Every structure is written in C-alpha cells, then in structure tokens.
Amino acid sequence: GGAVEVEGYLQDEDKQGGAPRKEHYEDQQMQEMGGQGDTSRALRTQDDTPPVSPLCIRIQVHAEGITEALLFHVDLLASAIRQAVMIKDHKSFLKVHPNTFRGQAAIEWLRGHAARALFGSEAEKEKNQQLSRSVALLLGQKLLAVGVFRQVTGSLTKPLEDPNALFRFHEDEKEGPLLNCRSIWFQNAREPLLVVSELLYTMLSLRLKYPDRDIREIEELNNFTASAAELQLVNINDLSRIQLLAFFLNAYNLMVLHAHVVRGSVDGTDFKSQKIPFTRDNQYMIAAYNYSLAEIEERLFCRVLRAKYAKKSDKSRAPEPRVHFALSLGCSSSPRIRIYQPETLDEDLQQAAVEYLTTNAPKNRMRMQQQSQGGKRVQEVMLPKIFKWYKDDFGFSKQEILAYYASFMPQGMREELTEVARTNNFIIKYDKYDWNLHLGKACSEVVRQPGRQLIANAPHQPQGGGQQPSQFNNQQQVFTPSAHEVG
C-alpha cells in the first residue's frame, strides 16, 4: 500500500465557491468510488432531508494515489454522537463527574461511520479500519475545537486517544461555568474586538435598563446569551499586543457582569468571601479555549512569566499597571467599566486611572498627617488598598509606589507628593476596601461616553500596522500568549 494522509478543516458552506451541500457532495463521491456504500444516508433524518448548518467539517483522505472527501454537518453529527454514546455520572479518582461520556465511545462510533462512508462493504478490512480511525480522531478534534463537547478528565496532550478520558456535551453544561456555551456558534465569527465590544455594551445597557430587577428570565438576556456564543469561534491569533489587551479587558468585565446576572447578585451584598471562587469558576469559551477570570488576570499581569526573572529587575516589572484601574468586580471600590478600543487605549487607561484615584473613591485622596515615629516627625500618606495587594505591580520601593500614585494627581498635589517621595520621610497606610456590590455604579460609565462604545465603523488595524498608543510603543509583553494562541 502507498502512503496514507488524512486532513480536515472547518468551512462555511454558505460562502460563495464553497463545497456543495452534503447530500449532493457525498452522492457525487460515492459515484466516483464505484457505488461503494450509501454515505449520503448515513446521517439523514426520516424525511431524508438533512438540516442546514453553516458550519461543516470537510475531511480529505489521500491513500494509494486516490483522494476521497466527505463533508459533515457539525450539528447533525453532534446529535448522532449524543444518541450513540452513554451519558451518565462517571466516577474518576473518587470524584463524580455528572452527565459525561467516554471519548473512546465517541471515537469508536465516528470510526464506524467514517468506515461505512468511505469503504462501504469493505469497511471491516484491517487497513480500512486503521484509516477510518484516523478520520474519526480528526473529526473528534474538530468537534472538540468548536465546543460541541469539552474535556473533563484525561490526557492533556491526546485526550481523544485516552481510553479513560471523560467529556461533556455543551447541552449538559447549562449550570456549569461556561457562561457563553448555552448554545454552539455554528457560523463564522466576526472581528473579535467588534464582537466583545457589542456584547459588553449590550450587557451594560441591560444592567442600566433593569437596575432593580432580576433579569435572568427576560427575553433580552436569552438573546444576549445566544449572541455571546460567537466568542467561541473568534480568531484572536491575528491580533496585535495592543488589540489583545483591549480585547481581554472588555472580555473580563463582560464575564464579570454576565456572572453576576447568572448568580442573581444583588447590590449591597458583601462580595469579599466570594471573590476567589467567582474568578476561578466563571469562564467563557473564547477562540475554542476556556478562559476563567483568574486566567485572564494572569495573562494581563504576566505574574508567572515575571517570577522567572530576578526580583526587582526590569523584566520582573508589571507590563501595564494601569490595568488595575480597568478591571472591575462590580464592588463599591471597583473601577467603573469602560469599553476599551485599541486606537484610544492609552488615553482610556489614563482616564480610568485618574478617575479611580481622584474621583471614584474620594476617601483615597491623599491626606498627609504629622506623626511621631522613633522621635522624629514623618508624613503619613493614605493610598487605596489595591496598592497594598499588588504593590510589586506599582514599584519596588515605597518611593516608587508613591511617585507612581502621584503621577495621576492634580498638579499641586502631584508636586507635593513627589517631594514627599523624594525625601523618603513618610509612611504609607491603606484605606479600607468596600466589598459591597454596587453594579449600578460599575455600569454607569456607559452613559458618559456614548459616542465611543463600538468599533463597527472603525477601520481594521492589521497586525503591525498603524500607529500604536504612545505608552505602549516599547512594551513587548503587554499580554502574554499561551500555547493555544500561537498557531
């Protein structure tokens, strides 16, 4: 036998010049194969009319000088697999995983279906079985990538080849952490910055429209949740560092608001004890990868990467400390939520920092008191609590931290604080952080900048092109890519 090669890709069958519809395409292929089998009916409904789905998986098999191809409707294929595998509560390492199935069962069903589609009556030949399994694994990988199901346990490198790996269909995740996976997005996604900006604007508007109402059951939220599924298939690989930063700032704040809606959060609730599980458990599927709020924070501040360098070295500094004044958890002491765009990101981050430090929390305004310490008088400076929690992000000494804080103050106060920092005759104290939820306040910024919400009419900036915001010209690590984001 000759060399065997299997390849596959996703395609939108509505595109001009795309492959023909499945029922015609497979019939044509069977005629070219000498009538072996009837694959055009392998996934047909009773009335012999397959449902139309824009997203398809096209598989090409090259063997012994012959190329065969099949086109599979994603939603119909997913439905057939769901009926074929056993969905139940599985136990793994003393933990029960509800509504899961074994990936090997899905692969075995796909193998049988691919064998019948490709080889008809000769499907059981050993050589054909091996080739069909390769096709099945490729189909499984594509279904996993678009979110038809997600991995729950098993191998991180080859999950579909792990006999013990468990998976869960998106229909069974309705109460799970993936907030934007109540449905699967089967169409080509639009520009990621446009999608996330529209979604954030819609959620902000909903919060302001129904400030005192539980909006979990209203139709507008159902429409929003369906639209949020588009983030599953956005392409972020082509975004520049600045575009990635703007995208994930918006995505973070969008996820926070969406999670509060799903939880039925009420203003005035003490959020302090909920912070860690809230940022860990609430997730979005973005570009076929599951991001938690905690992971987005890690990517934005690059703490794991910075820890590899010598402490207090330039490479261990935070790439953009102003991000702290852009991320909101919806608390009274949290920043107001804005919609960030790459074209104005430097200006918007600066404005967010100034507002947060001078207006958003009036108690945090600088106040200086004379105190006696060791027999000498020193200045006391009161800063927001965020400067205590993330002090290494703002500077490696109290002088650096105070100088950074001073840079956002009005001129007279800035000069006074800068002089205090220069003399190094001061102590820093931190104001109390108000953990009570105040979602109305967090969303109020949207009404103050109505002309800059969306980027629908903004020209697309190709990677590496256009003028970047001034503060970022020399930043090479504004956002740290992970393995799935690079090719």
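Keep in mind it's a predicted model, so treat the numbers as computed, not measured.

*Asks:* Just give me the short version of the overall build of the protein, but keep the residues and values in it.
*Replies:* From N to C terminus, the protein includes 16 helices and twelve strands. Residues classed as buried in the protein amount to 51% of the 487 residues present. Surface exposure of the protein reaches about 23100 Å², of which carbon and sulfur atoms provide 48%.

*Asks:* Now, about the sheet that holds strand 6 (residues 149-151): what can you tell me, with residues and values included?
*Replies:* Strand order in the open sheet made by the four strands is 4-5-7-6, with antiparallel pairing throughout. At either end of the open sheet lies a strand with only one pairing partner, and these are strand 4 (88-92) and strand 6. Between one strand axis and the next, the sheet turns through 55 degrees on average, direction left out of account. The strands touched by helix 3 (residues 103-119) are strand 5 (95-102) and strand 7 (166-169); relative to strand 5, the strand with the most contacts, the crossing angle is about 0 degrees. Where helix 4 (residues 126-145) meets the sheet, it contacts strand 6 and strand 7, and its direction lies at approximately 95 degrees from that of strand 6.

*Asks:* An account of the pairing of strand 8 (residues 283-286) is requested, with residue identities and associated values reported.
*Replies:* Residues Gln-283 and Met-285 of strand 8 are buried on one face, and the alternating residues Tyr-284 and Ile-286, pointing to the opposite face, are buried as well. Taken together, the four bridges between strand 8 and strand 9 (residues 289-292) define a ladder with antiparallel strand orientation. Looking at the pairing, Tyr-284 lines up with Tyr-291 of strand 9. Hairpin connection, strand 8 to strand 9: the antiparallel pair is bridged by two residues, and Ala-287 has positive phi, about 55 degrees.

*Asks:* If you had to explain the packing of aromatic side chains to someone new, which residues and values would you point to?
*Replies:* Evaluated as defined, the whole model comprises 20 aromatic pairs. When the ring of Phe-247 is compared with that of Phe-248, the centres are 5.0 Å apart and the planes differ by 80 degrees; the resulting orientation is edge-to-face. The class of Phe-248 is buried, set by a relative accessible area of 0%. Aromatic rings pair up to connect Phe-325, Tyr-356, Phe-387, Phe-394, Tyr-404, Tyr-405 and Phe-408 into one cluster. The ring of Phe-426 carries Lys-398 above its face, with NZ or CZ at 4.7 Å from the centroid.

*Asks:* Describe the nonpolar core, with residues and values.
*Replies:* By size, the foremost hydrophobic cluster in this structure holds 81 residues, and its most contacted members are Phe-247, Leu-249 and Phe-387. Sequence-distant contacts of Leu-249, defined by excluding residues within four places in its chain, comprise Leu-300, Val-323, Ala-326, Leu-327, Tyr-340, Leu-345 and Leu-349. Within the second largest apolar cluster, 36 residues are counted, among which are Ile-57, Ala-117, Ala-136 and Leu-143.

*Asks:* How would you sum up the packing of helix 5 (residues 192-209) against helix 6 (residues 219-228)? Please name residues and give values.
*Replies:* It is the contact of helix 5 with helix 6, at a shortest axis distance of 11 Å, that shows an interaxial angle of 165 degrees. As summarised for this structure, helix 5 and helix 6 are arranged roughly antiparallel, according to the angle between their axes. Here helix 5 runs over helix 6; the crossing is left-handed. Of the residues in helix 6, those in contact with Leu-199, Thr-202, Met-203, Leu-206 and Lys-209 of helix 5 are Glu-220, Leu-221, Phe-224, Ser-227 and Ala-228. Taken together, the residues of the contact of helix 5 with helix 6 break down into six nonpolar, two polar and two charged.

*Asks:* So what's going on with the pattern of salt bridges? Which residues, and what values?
*Replies:* Taken as a whole, this structure holds 18 salt bridges when the rule is applied. Here Glu-198 and Arg-190 are joined by a salt bridge, their closest N and O atoms 2.9 Å apart. With a closest N to O distance of 3.0 Å, Arg-322 and Glu-320 form a salt bridge. Of the two residues, Arg-322 and Glu-320, neither departs from the other in class, the shared state being buried.

*Asks:* Give me the lowdown on the environment of Ala-307, citing residues and values where you can.
*Replies:* Along the chain, Ala-307 falls in the loop between helix 10 (303-306) and helix 11 (345-360). Taking C-alpha positions, Ala-307 is 9.6 Å from Arg-317, a pair spaced ten residues apart along the chain.

*Asks:* Help me get a handle on helix 7 (residues 241-263), residues and values and all.
*Replies:* In this model, helix 7 (23 residues) spans 33 Å end to end at C-alpha, consistent with the 33 Å of a helix rising 1.5 Å per residue. Within helix 7, 20 of the 23 residues are buried, which leaves it mostly tucked inside the rest of the structure. Residue Gly-264 follows helix 7 closely and has a positive phi angle near 70 degrees.

*Asks:* Can you break down the side chain of His-260 residue by residue, with the values?
*Replies:* The residue His-260 is located in helix 7 in this model. With a relative accessible area of 1%, His-260 lands in the buried category. Setting aside anything within four residues of it in sequence, one finds His-260 in contact with Ser-265, Phe-271, Phe-278, Leu-329, Leu-437 and Leu-439.

*Asks:* A description of the confidence of the model for the protein should follow, citing residues and the corresponding values.
*Replies:* Across the protein, pLDDT averages 78, with 75% of residues at or above 70. Ranking the helices and strands of the protein by mean pLDDT puts helix 7 first, with 95, and helix 1 (residues 22-32) last, with 35. Counting contacts from residues 13-54, a segment whose pLDDT is below 50, to residues more than four positions away or on other chains yields 71 contacts. Low confidence marks residues 450-487, where pLDDT is under 50. Its contacts with residues over four positions away, or in another chain, come to 81 contacts.

*Asks:* Which residues make up the environment of Leu-160, and what are the values?
*Replies:* Following the sequence through the fold, Leu-160 ends up in the loop between strand 6 and strand 7. Looking at Leu-160, the relative accessible area reads 5%, which means it is buried. With 24 residues separating them along the chain, Leu-160 and Ala-136 place their C-alpha atoms 9.8 Å apart. The contacts of Leu-160, once residues within four sequence positions are left out, are Gln-104, Ile-107, Leu-137, Gly-140, Gln-141, Phe-149 and Phe-167.

*Asks:* Tell me about unusual backbone geometry, and name the residues and values.
*Replies:* Backbone geometry places Phe-93, a non-glycine residue, at a positive phi of 50 degrees. Relative to the elements of secondary structure, Phe-93 occurs in the loop between strand 4 and strand 5. Here Phe-93 falls in the exposed class, since its relative accessible area comes to 81%. Of note in this structure, Ala-287 is not a glycine but carries a positive phi near 55 degrees. Structurally, the position occupied by Ala-287 is in the loop between strand 8 and strand 9. A relative accessible area of 25% places Ala-287 in the partly exposed class.

Basis of the calculations
Residues numbered from 1 in each chain as written. Predicted model: local features only at pLDDT ≥ 70, side-chain atom pairs only at ≥ 80, totals over all residues. Heavy atoms only, no water. Helix = DSSP H or I, 4+ residues; strand = E, 2+ residues; numbered from the N terminus. Buried < 20%, exposed > 50% of the residue type's maximum accessible area, 1.4 Å probe, protein only. Areas by Shrake-Rupley, 256 points an atom, 1.4 Å probe, with all protein chains shown as cover. Pairing = 2+ DSSP bridges. Axes fitted to C-alpha atoms, helices over the stretch in contact; angles between N-to-C directions. Contact = heavy atoms within 4.5 Å. Phe/Tyr/Trp six-rings, centres within 6.5 Å; stacked < 30°, edge-to-face > 60°. Lys NZ or Arg CZ within 6 Å of the ring centre and 35° of its normal. Core = buried A, V, L, I, M, F, W, Y, C linked by side-chain atoms within 4.5 Å. Parallel < 35°, antiparallel > 145°, perpendicular 65-115°, else oblique. Left-handed = near helix turned anticlockwise from the far one by under 90°. Nonpolar A, V, L, I, M, F, W, Y, C, P; charged D, E, K, R; others polar. Salt bridge = Lys/Arg side-chain N within 4 Å of Asp/Glu carboxyl O. Expected span 1.5 Å × (residues − 1). pLDDT = per-residue confidence, 0-100.

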